[in-house]
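The primary structure of each chain is shown beneath.
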Amino acid sequence: MKKYAVVTGASSGIGLEFARILAKEGYGLVLCARRKERLEGLKKQLQAECEVVAVDLSKEEDCFRLFQAVKGKPVEVWINNAGFGNFGAFRGSSLKKELEMVDVNVKALHILTKLALRKMEKQKGGYILNVASCAGLMPAGPYMSTYYASKAYATSLTRGIAEELCQGKSPVYIGCLCPGPVNTEFNQVANVQFALHGIGAAYCARYAYAQMKRRKVVIVPKLSLRGAMVLGRFLPQSLYIRIAAYQQKKKKYGGAKSVAVPGSRGKDA
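Note that the structure is a prediction, hence the values are computed from the model and not measured.

### Describing the packing of helix H1 (residues 13-24) against helix H7 (residues 201-213)
Running from N to C, H1 and H7 point in directions that differ by 55 degrees, and their axes come no closer than 8 Å. By the angle class used here, H1 and H7 are oblique. For the element pair H1 and H7, the recorded crossing hand is right-handed. Contacts from Gly13, Ile14, Glu17, Phe18, Ile21 and Leu22 of H1 reach H7 at Ala201, Ala202, Cys204, Ala205, Arg206, Ala208 and Tyr209.

So this is what it looks like as structure tokens:
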């Protein structure tokens, strides 16, 4: 029987690279993003059965519309990749953009994770990968406070579910991808430039896919970053947060104040 994979945020960056990998692995694809023209362009490139679902996951009804589109398909892989960030001091940053970020990074991920999990348990197996960030493994991120909090939600939710599935001997896997900077459109959307050198989106997706198949729960795709995350556990949290604030200030894009950036939403890591 033909198996299917769902990728949200598939129009660029990590999501696009996951689509390419899954096409090569022989999956039928269901690609989701806001930008239909981007998805149609990707569909023409892939040597795979491919369905495009243009939705805005900041809207709850679109989350359910996406699930309805795949309800009758045997979905083996579900990649929750859609998400975005924003730079700026909390008191002055856009409330509208932050609430939209919570809707996409938290609410949509929560809804789709629950629906995908229930579907896969009925099917007796499957893989769910939530694309989070190393930000979700840290205590806080001043100047990107809402983004860090949203990724902490994603990592905590995923790890909690993973333990439930382990204790229940479920055949379904769930894990979270927690990279550092990845070279995608995230910078323009978040209004930052990374202080650290980013990894390629293709490498990030390949590494994550391999670790997902090995059923690794928390996936951090760079050795130096894994070391930094381990070291961070031994620092006083107040010091860790001050260091994070210093690093965030170095990301400030062109010295501009935080603004809501129109157009496409990219995914970092």
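### Here's the deal with helix H3 (residues 60-70)
Within H3 the residues assigned to the buried category are Asp62, Cys63, Leu66, Phe67 and Val70. Here the buried residues of H3 occupy an arc of 145 degrees about the axis, which is enough to place them on one side. Contacts from the buried residues of H3 go to strand S1 (4-8), strand S2 (28-33), strand S3 (50-54), strand S4 (75-80) and helix H4 (95-123).

### Brief notes about the environment of asparagine 130
Assignment of secondary structure puts asparagine 130 in strand S5 (residues 126-131). Note on asparagine 130: relative accessible area 0%, which makes it buried. Apart from residues no more than four positions distant in its own chain, asparagine 130 is found in contact with Asn80, Leu109, Thr113, Thr158, Ile174, Gly175, Cys176 and Leu177.

### Some points on the pattern of salt bridges
This structure, assessed with the given rule, holds four salt bridges. Residues glutamate 60 and lysine 107 are paired through a salt bridge, measuring 3.0 Å at the closest nitrogen-oxygen approach. Pair noted here: glutamate 60 is in helix H3 and lysine 107 is in helix H4, with a separation of 47 residues, a long-range link. Accessibility expressed as a relative area gives 38% for lysine 107, which makes it partly exposed. Between aspartate 62 and arginine 65 there is a salt bridge, with its nearest N and O atoms 3.7 Å apart. In this pair, aspartate 62 and arginine 65 are both assigned in helix H3, three residues apart and thus about one turn of the helix distant. Among the residues examined, aspartate 62 registers a relative accessible area of 11% and is labelled buried. For arginine 65, a relative accessible area of 42% corresponds to the partly exposed category.

Conventions adopted
Residues numbered from 1 in each chain as written. Predicted model: local features only at pLDDT ≥ 70, side-chain atom pairs only at ≥ 80, totals over all residues. Heavy atoms only, no water. Axes fitted to C-alpha atoms, helices over the stretch in contact; angles between N-to-C directions. Helix = DSSP H or I, 4+ residues; strand = E, 2+ residues; numbered from the N terminus. Parallel < 35°, antiparallel > 145°, perpendicular 65-115°, else oblique. Left-handed = near helix turned anticlockwise from the far one by under 90°. Contact = heavy atoms within 4.5 Å. Buried < 20%, exposed > 50% of the residue type's maximum accessible area, 1.4 Å probe, protein only. Arc of directions from axis to C-beta. Salt bridge = Lys/Arg side-chain N within 4 Å of Asp/Glu carboxyl O.

Function cannot be inferred from these measures alone, as they are strictly geometric.
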